[in-house]
Amino acid sequence: MATDLPSLMQNVVAPLVKIVLLIGGLMTAAAYFVLLERWMAAWVQDRRGPNRVGIPLTRIKLLGLGQPLADGIKFITKEEYTPAHVDKPIYILAPIVILAAALAIFAVIPFGSVLPPIPGIPGLDKEPIPLLVAPGLDPSLVFVFALSSIAVFPVILGGWASNNKYSFLGGLRSSAQLIAYEIPLGLGILGVALVSGSIRLDKVIVDQAASGVWNAFLQPLGLLVFVVAAFAEAARLPFDLPEAEQELIGGYHTEYAGLKLLLFLVAEFLHMITAAFLIVILFFGGWHLWGLTGFSEESISWAQALLRIAVLSAKVFLVILFFMMVRWSWPRFRFDQLMALAWKVLLPLGLVNLVVVAVMVEYGGTLKSQFGGGVYWIFAISGWLALIAAWVVAALVSPSHDDNTPRRAAQKFDTEAEFYRTF
Amino acid sequence: MTLDALVRNPLTWGTLLFAVGIWLLLPRGATRGWWLGLVITLVSLGLFASRMPALGDWASTGTFGFLAAVTVIAAVMTITLKNPVYCAIWFALSLLGTAGLFMLQGSQFLGVATIVVYAGAILVTFLFVLMLANPEGHASYDRLSWEAPLSAITGAFMVGVLTFALVGVFNPPDAFDTKFSTVEIDRTGEILAGEHMAHLGGQLFSRHLVAVELAGTLLLVAMVGCVAIVAEAKSRRGQPASRKRQRPKSASREPQRPELRAGEALR
Amino acid sequence: MQPNDPQVKWIEEPKLGLAGKMYLPLFVQGLAVTTRHLFSPKVTVSFPEQRPQIGNPLIYRGVHRLNKDEQGRVKCVACFLCATACPAHCIDIIGVESPWPDREKYPQSFSIDELRCIFCGMCEEACPVDAIELTSLFDLTGRSREEMIFDKEKLLSVYDQTKDAEPMKSTACGGTVT
């Protein structure tokens, strides 16, 4: 590591500034998304929602925009009760790890395109500054996967350490669900990786911006698989089995209170924001919008750079609005339906998408030389045909109703061994 | 290499002390000597660390030392603790340290893939089994190490041999240095360059194609085996057991279901 | 209970068609319902600034009042029927000899513990002279438990406060509702 000023600025100061901006922005965003979530919940249920808390110590209400502050103060000043029956080290470790993992994912998620070089600051005056904390990490999508698989640990361990049946059930459900849905999630990503030839998120955006055709148009099947799997990974309704209030009290964080509960809840919102970012970046062109943002990363004006950040944020916001609408639109899946959806529906659909995309990529070059830009129409039509066909086939082979009668008659067994023999 | 050189080498003593320390730390039933074992293990790790070569500047050395310490200490904790769940957590930390070491060497994909595969998938499955199979953790066979002396000696022997080979006790130091540096240069040019993933994929599917395909076949065979075992278990379940009554397929249509006669079993 | 119990009625799940198996009706219905409600008028009100509209105040069961007759005397005859009917035992009456010729007794003290009251309206039903009634006042607050035990003066003042908006129900007993 060189220690001269320009490289120090480039390698130490700039990333630190980005980290501070990102964490500050994410925490604020998470707080306000909680408010938005409560608003949406209220509006969908014909209520008005939180609209009281404004500027503290005044009577100014500001539509309730001060609510996140009040919520935060409430959580922090609440009694941090630790039940006597918990396994203390793991109980305390779990919320810390889940928040750390949820934040660390954003090291590789671009929150904009690039900033133009800033003259006068050594080290930053030559090249554009990427709006990405770790721009050098090539397998950045795998990194996202790695950290989201780390996020399974705190959930299962927090549930186990709470020493409570409901927490434990929530933890087990969550781990099974997250592991199962990582596979369709990966299959959804693979299609994008094939088209872009890279699994760097910023490269994926640049690739879509350069062609002007978002991946959502070319591989809608991949989008479907990815979105459903992302909902499950973020444990949002209709896949919020880990913390199904009606069944499990609070799920894996039943025994948590105060600041530790806050860490769990913030991490959950960060997972949702991560999922929204990934959906936008992989399938909806990231910061790209036709006619507005351009596609070059080399020469860029300040206005354009800011516009790109705005476009990306707006898209992410829309996706999160969709997340929140979905929460109230559809009932929760049963656990066996959840698993069946992952393994029997999404996995084959993802494979079909992969095959379709692989064929596109293989013959794309030859077709492009013949049809020019019209090749994207061919790709899009074949992608949509694949979606419809795969969906219809998946529906045709699924059973038309569930048999809800018990599988076995209730019997009385004299010994436990006799009971187990019947399995 | 003479016996004299071997005796004067701190690594020899490090290896021996490591074996003793780990043996004392392993859960053998008796708790005597645990603190002594801790001290001896730490001394042996210090002896290993004393021969650690400096890597460039202080930042790299510090990062490497930190990651290595985390990895090794977590590994020691993994094998010496009694509660299986804690063992799994320390194992996860050890894997994170390993991933960090990979990253430090520039092999980003390997580091990230270690976390995905081991920490993310395999270890979570371990935890699943541990928690479901024996939630209390009271079984004595889970809490004791079976062949404490033998495993301590084997482990220390492997650690010793690897360290000797890496530090170059068996080879003259200068020859080792040149060899190592040439290897490093080759790899940086091929795989660790800018398009890391693309290069790695290219290498895997050209030079190492046979190995990749063999590994894939192995996994496929394992999966087919799993399916076969499950299918056999299912077919066995299908045969009526002595006191078990199958629900006939048509039963769900009929409200009465006289053929079920579960009440009889209750009597 | 056994699965083959004759009282258990097993119901087949309705069979889904192709569209149903594709989740399409569910998808559309769910989003349509939530989107419609998102923009539909809200049923809740911003309470302290805006009072909720109570459908029929005459049958609402809020804070009690003690009615007065035309001469401004308390109508209660201290018969204890309301205190007997009260399931929460929140009514406490001390009846003494009446100074007026038209009745034998009248309440010297009449207190209702509003914190114990369950607002069931039994007292209103039991009263033979329609002296006790429930009003439509619902935002009942206080700073202490003592404050929430309403005595005769307070209950009579509730009548003065609400008599215009909510006239007495029965005309036979001097009520003004026709």
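Okay, the overall build of chain A next. Summing up its helical and strand segments, chain A has 15 helices and 2 strands in all. By principal-axis analysis of the C-alpha atoms, chain A measures approximately 80 × 65 × 50 Å. Once local pairs closer than 6 in sequence are excluded, the contacts in chain A between residues at least 24 apart make up 76%.

Moving on, we get to the overall build of chain C. Secondary structure summary: chain C contains 5 helices and 5 strands in total. Relative to the compact-globule value of 16 Å for 178 residues, chain C shows a C-alpha radius of gyration of 26 Å, a clear excess of over 25%. For chain C, the C-alpha atoms occupy an extent of roughly 85 × 50 × 40 Å along the three principal directions. Relative to all contacts within chain C whose residues are 6 or more apart in sequence, the contacts with residues 24 or more apart total 68%.

Right, let's get into unusual backbone geometry. Residue and element names in this part refer to chain A. Look at Asn-163: it is not a glycine, yet its phi comes out positive at around 60°. Mapped onto the elements, Asn-163 comes out in the loop between α5 (152–161) and α6 (165–196). Residue Asn-163 is classed as partly exposed on the basis of its 16 C-beta neighbours within 10 Å. Of note, the phi angle at Ala-235 is positive, near 55°, even though the residue is not glycine. Tracing the backbone through its elements, the reader meets Ala-235 in the loop between α9 (220–233) and α10 (245–248).

On to the sheet that holds strand β2 (residues 91–97) of chain C, then. Backbone hydrogen bonds are what pair the strands of a sheet, in a parallel or an antiparallel way. Residue and element names in this part refer to chain C. With respect to topology, 3 strands assemble into an open sheet ordered β2-β3-β5, the strand pairing being antiparallel. Sheet topology places β2 and β5 (149–150) at the edges, where each strand pairs with a single neighbour. Pairing analysis gives 7 bridges linking β2 to strand β3 (residues 105–113), with the strands arranged antiparallel. Across the sheet, Ile-93 pairs through a bridge with Phe-110, a residue of β3.

The next point concerns the nonpolar core. In terms of nonpolar packing, the biggest core is built from 139 residues, with A:Ile98, A:Phe226, A:Ala230, A:Ala276 and A:Ile279 touching the most fellow members. Among residues more than four places away in sequence, those in contact with A:Ala276 are A:Val316, A:Val319, A:Ile320 and A:Phe323. Counting residues in each nonpolar core, the second largest holds 18 residues, with C:Val63, C:Leu66, C:Leu155 and C:Tyr159 among its members.

What follows is about α6(A). Residues and elements named next belong to chain A. Along its 32 residues, α6 runs 46 Å from first to last C-alpha, staying within 8% of the 46 Å computed at 1.5 Å per residue. A maximum bend of about 25° is found in α6 at Glu-182, where proline Pro-184 lies one to four positions downstream. The buried count for α6 comes to 23 of 32 residues, which makes it a mostly enclosed element. One or two steps after α6, the chain reaches Gly-197, where phi turns positive at roughly 75°.

So, on to the environment of A:Gly49. All names here are of chain A. Residue placement: Gly-49 occurs in the loop between α1 (5–44) and α2 (67–77). Look at Gly-49 and you get buried, because 20 C-beta atoms sit within 10 Å. Residues Gly-49 and Gly-64, 15 residues apart in the sequence, show an inter-C-alpha distance of 8.8 Å. Every residue in contact with Gly-49, bar those within four places of it in the chain, is listed here: Arg-38, Trp-39, Ala-42 and Trp-43.

What follows is about the domain arrangement of chain A. Residue and element names in this part refer to chain A. Under the domain assignment, chain A is made up of domain 1 (22–70) and domain 2 (78–398). Look at where the C-alpha atoms of domain 1 and domain 2 centre, and you get two points 25 Å apart. The partner domain 2 presents 12 residues to the 12 residues of domain 1 that form the contact. Its residues assigned to classes, the side of domain 1 that touches domain 2 shows 11 nonpolar, no polar and 1 charged.

Confidence in the prediction of chain C, expressed as mean pLDDT, is 84, and 92% of residues score 70 or more. Of the two predicted TM-score estimates for the complex, the pTM is 0.80 and the ipTM is 0.79.

Residue and element names in this part refer to chain A. Across the interface, helix α11 (residues 258–283) lies against helix α12 (residues 302–329) with an axial gap of 9 Å and an inter-helix angle of 120°. Put simply, α11 runs oblique to α12. Here α11 and α12 pass one another in a crossing that is right-handed. From α11, Met-272, Ile-273, Ala-276, Phe-277, Ile-279 and Val-280 reach across to α12, where they touch Leu-312, Lys-315, Val-316, Val-319, Ile-320 and Phe-323. Each residue belonging to the contact of α11 with α12 can be placed in one class, and the counts come to 11 nonpolar, no polar and 1 charged.

Count 3.6 residues to each turn of an α-helix, and residues three or four apart come out pointing the same way. All names here are of chain A. The end-to-end C-alpha separation of α1 is 55 Å, in line with the 58 Å expected for 40 residues at 1.5 Å each. Those residues of α1 lying buried are Lys-18, Phe-33, Met-40 and Val-44. Asp-46, located one to two residues past α1, shows a positive phi value of around 60°.

Another aspect to go through is the pairing of β3(C). On a regular strand, one side chain projects to one face of the sheet and the next to the other, so that they alternate. Of the pairings in the sheet, the one linking β3(C) to β5(C) comprises 2 bridges and is antiparallel in character. Residue pairing across strands places C:Ile112 opposite C:Phe150, the latter belonging to β5(C).

Thresholds, definitions, all that
- Each chain has its residues counted from 1, following the order in which its sequence is written.
- Chain A is the first chain written and ligand 1 is the first ligand written, with later ones labelled in order.
- Totals for whole chains, interfaces and linings use all residues, but because this is a predicted model, local features are given only for residues with pLDDT of at least 70 and pairs of side-chain atoms are given and counted only at 80 or more.
- Runs of H or I in DSSP of at least four residues are treated as helices and runs of E of at least two as strands, each being numbered from the N terminus.
- Placing a C-beta atom from the backbone of each residue, one calls two residues in contact when those atoms lie within 7 Å.
- Our radius of gyration is a C-alpha quantity, and the globule rule it is checked against amounts to 2.2 Å times the number of residues to the power 0.38.
- Think of it as a crowd count around each C-beta: if 20 or more other C-beta atoms lie within 10 Å the residue is buried, if 12 or fewer it is exposed, and in between it is partly exposed, with C-beta placed from the backbone throughout.
- One requirement defines pairing of two strands: DSSP has to find at least two bridges between them.
- Only buried Ala, Val, Leu, Ile, Met, Phe, Trp, Tyr and Cys residues enter a nonpolar core, and they are joined through C-beta atoms within 7 Å.
- Under the convention used throughout, the expected extent of a helix is 1.5 Å for every residue step, that is, one less than its residue count.
- The seven residues ending at a residue and the seven starting there each receive a fitted axis; the angle between those axes is the bend at that residue.
- An automatic or database domain assignment supplies the start and end points of every domain.
- Under the grouping applied here, Gly and all other residues not named as nonpolar or charged are polar, the nonpolar ones being Ala, Val, Leu, Ile, Met, Phe, Trp, Tyr, Cys and Pro and the charged ones Asp, Glu, Lys and Arg.
- Across the chain, each position has a pLDDT score giving the predictor's confidence in that residue, from 0 to 100.
- To obtain each axis, a line is fitted to C-alpha atoms, and for helices this fit is confined to the stretch in contact; angles are then taken between N-to-C directions over 0 to 180 degrees.
- When describing relative orientation, an angle under 35 degrees is termed roughly parallel and one over 145 degrees roughly antiparallel, while 65 to 115 degrees is termed roughly perpendicular and anything else oblique.
- Crossing handedness follows the turn of the near helix against the far one: under a right angle anticlockwise gives a left-handed crossing, and clockwise gives a right-handed one.

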